[in-house]
Each structure stands twice: as C-alpha cells, then as structure tokens.
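Architecture and fold: a report
Each chain, letter by letter, is given below.
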Amino acid sequence: MKKIGLVGGISWVSTLDYYKFINEGVNARLGGLNAAECMIYSLNFGDIQAKSWVHSFDLLLNACKHLKNSGADSIVLCANTAHLFADELQNTLKLPIIHLGTETARAIQKAGFKKAGLIGTKFTMEMEFYKNKLEEYGLEVLVPENQETRDYIQQTVKDELGVGLINPETKASYISIVEDLVNSGAECIILGCTEIPLLISQDDISVPVFDTTKIHCEAIVEYIVS
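Okay, so let's go over this structure. (Residues numbered from 1 in each chain as written. Predicted model: local features only at pLDDT ≥ 70, side-chain atom pairs only at ≥ 80, totals over all residues. Heavy atoms only, no water.)

**Quick notes on the pairing of strand β2 (residues 38-42)**
Put simply, side chains in a regular strand alternate between the two faces of the sheet. Bridge analysis of strand β1 (residues 4-8) against β2 gives five bridges, and the strand direction is parallel. Paired with glycine 5 across the bridge in β2 is methionine 39. (Pairing = 2+ DSSP bridges. Helix = DSSP H or I, 4+ residues; strand = E, 2+ residues; numbered from the N terminus.)

Listed below in structure tokens is the structure:
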C-alpha cells in the first residue's frame, strides 16, 4: 500500500470522517485486518482563523513538509478551502496532492450533469480556485447569489459545524438555500465543505448530491491500493 499524509484539523470534526472512511474503504478492498497506513498532521484551526485562509500557506506548507519527511507518498488536504493552495503546495513539495476539486468534477462529469450548485465556505464559493477546477471539466457552477447568504454559510460552518454543533434551524436554512439553487437550474448539488455533510445529506435534497468528503476518500482509497 502507498502511505498517505493527511493535513487535518481543518476542522478536526471532519478529519474524523476522513480517517473513518479511508480505513473502511481500504478494509473493504483488502479484507482481514487491513487498514490504511497513514499519518495525520492536525493543524490548530484557530491558527488558520487568526491568520485567515488567504494568509495560511506557510501553516499548510509546514504540515505538508512534516508529512513528506515522515515518508508520505502523497498529500491529502482534508478541507475544500485548503485547496486554495493545492497547486502551489504540490509544485513546492514535488509530491502529488490528491485534489478534492478534480475528483469531484470527475464524479459529476461521470454522472452526466452539466450544471452544479455549490455551497461551501465564502472562499470556496467566491474565489476562482475551486470553480475553475470544476469548469475545466465543462461544468457550469452556481453559488448563492446573495452576499448575506454566503456570509451566513461561512459563519455557521465556522461557529457551529466546525465545533461539531448541529442546529436544526441551521439545517432548515441550508435546505432552503439548496432549494433556491435547484430552482435556479442546478441539476445537482456539491456539498463543497467537509463539515456540511454533517448537517445535510442526500435524504434532505431533491436532486443528486455530491458529498466531497466521500468522493475524496474514495479517490484516496483507490490511490492507496493501486
């Protein structure tokens, strides 16, 4: 098996899912007592919030260097927003990064959809680094048009989901936001933040949902056992 290095803690709540899904996936493929050989560098999310995502390259690079020096064959960034620096980190480290945006785009393309609604952090929804990866695969990306809505998603991801708080009122609001995207023409919905699947799932939404955490983990498992 290939050895992977996970940059987690962004947030620790969703990193738990990464560890669980990857090990379950490897065991399903190989059986017995087999599980993933992996390392986790768990960042302090408070440090990233203090600097803001756009100024956090050095924090991520330091984590990745520790993982590379420990023998990782590949790096995984356990957050959609962290992929703001994915290409730069890969070029600096000279080590492959399993890109969450690319794997999500491939999954949607394989399913035959052309127009996807995207919810995630403000950075993921508003900056080009993530949408560009999806558009490279011929996808049209819709995000909530209202700035107040995008700010609300950012606030609840950080203050509620990032610390494991599940609020029924927030869930109802997210479902309403998704319904607005569907009414605007979205054929499918991307849960483009690794914490959002903790709150809503396919059961809550009328169109196909692409859970980026699970998609990423499936690609990671494939890489590990390839």
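**Examining the sheet that holds strand β4 (residues 115-120)**
What links the strands of a sheet is backbone hydrogen bonding, and the strands pair in either a parallel or an antiparallel sense. Ordered in space as β5-β4-β6-β7, the four strands form an open sheet in which the pairing is parallel. A strand with exactly one partner marks an edge of an open sheet, and here the two such strands are β5 (140-142) and β7 (209-211). In this sheet, neighbouring strand axes are inclined to one another by 30° on average, regardless of whether the strands run parallel or antiparallel. When β4 meets β5, the two strands line up parallel, connected through three bridges. The residue bridging glycine 117 from the neighbouring strand is leucine 142, located in β5. The sheet strands contacting helix α10 (residues 212-225) are β6 (188-192) and β7, and the helix crosses β7 at an angle near 55°. (Axes fitted to C-alpha atoms, helices over the stretch in contact; angles between N-to-C directions. Contact = heavy atoms within 4.5 Å.)

**Topic: the sheet that holds β1**
Here we have three strands laid out as an open sheet, ordered β2-β1-β3, and parallel in their pairing. In this open sheet, the two edge strands, each paired with only one partner strand, are β2 and β3 (74-77). Strand-to-strand, the axes of this sheet are offset by a mean angle of 20°, without reference to chain direction. The sheet contact formed by β1 and β3 spans four bridges and is parallel. By the bridge assignment for β3, leucine 6 is matched with valine 76.

**Some remarks on empty space enclosed by the protein**
Scanning all chains against the criterion turns up one cavity of 30 Å³ or more. Within this model, the largest cavity holds a volume of roughly 100 Å³. As for the largest cavity, its lining consists of 14 residues, of which Phe45, Trp53, Thr121, Val157 and Glu195 are closest to the centre. The element that contributes the greatest number of residues to the lining of the largest cavity is helix α8 (residues 147-159), accounting for three residues. When the residues that make up the lining of the largest cavity are grouped by side-chain class, the tally is six nonpolar, six polar and two charged. (1 Å grid on protein atoms, 1.4 Å probe; cavity = no way out; pocket = protein on both sides within 12 Å on 5 of 7 lines; lining within 4 Å. Points joined across faces, edges and corners; volume = space filled by probe spheres on them. Nonpolar A, V, L, I, M, F, W, Y, C, P; charged D, E, K, R; others polar.)

**Some details on the layout of surface pockets**
Considered as a void within the structure, the largest pocket measures approximately 180 Å³ in volume. Classifying every residue of the lining of the largest pocket by side-chain character gives five nonpolar, three polar and two charged.

**Quick notes on the nonpolar core**
Counting residues in hydrophobic clusters, the biggest one holds 50 residues, and the most contacted among them are Ile22, Ile119, Tyr174, Ile196 and Ile200. Here this core gets six residues from one element, more than from any other, and that element is α10. When near neighbours in sequence (up to four residues on either side) are disregarded, isoleucine 196 contacts Ile119, Gly120, Val157, Leu161, Tyr174 and Leu191. Residues Ile48, Leu60, Ala72 and Ile75 belong to the second largest nonpolar core, which totals 24 residues. (Core = buried A, V, L, I, M, F, W, Y, C linked by side-chain atoms within 4.5 Å. Buried < 20%, exposed > 50% of the residue type's maximum accessible area, 1.4 Å probe, protein only.)

**Focus on the pattern of salt bridges**
Any two side chains of opposite charge can pair, so long as their charged atoms come close to each other. The final tally for this structure, using the stated rule, is nine salt bridges. One salt bridge connects glutamate 126 with arginine 150, and the closest N-O pair in it is separated by 2.8 Å. Taken as a pair, glutamate 126 in helix α6 (residues 122-126) and arginine 150 in helix α8 lie far apart in primary sequence, 24 residues in all. The class of glutamate 126 is partly exposed, set by a relative accessible area of 31%. (Salt bridge = Lys/Arg side-chain N within 4 Å of Asp/Glu carboxyl O.)

**Describing the packing of aromatic side chains**
The full count for this structure, using the stated rule, is five aromatic pairs. With a centroid separation of 6.1 Å and 80° between ring planes, the pair formed by phenylalanine 113 and phenylalanine 210 is classed as edge-to-face. Highlighted residues: phenylalanine 113 in the loop between α5 (100-111) and β4 and phenylalanine 210 in strand β7, separated in sequence by 97 residues. Ring geometry for phenylalanine 129 versus tyrosine 130: centroids 6.2 Å apart, planes at 75°, classification edge-to-face. One exposure class covers both phenylalanine 129 and tyrosine 130, and it is buried. Stacked on the ring of tyrosine 223, the Lys or Arg lysine 2 has its end atom at 5.2 Å from the ring centre. (Phe/Tyr/Trp six-rings, centres within 6.5 Å; stacked < 30°, edge-to-face > 60°. Lys NZ or Arg CZ within 6 Å of the ring centre and 35° of its normal.)

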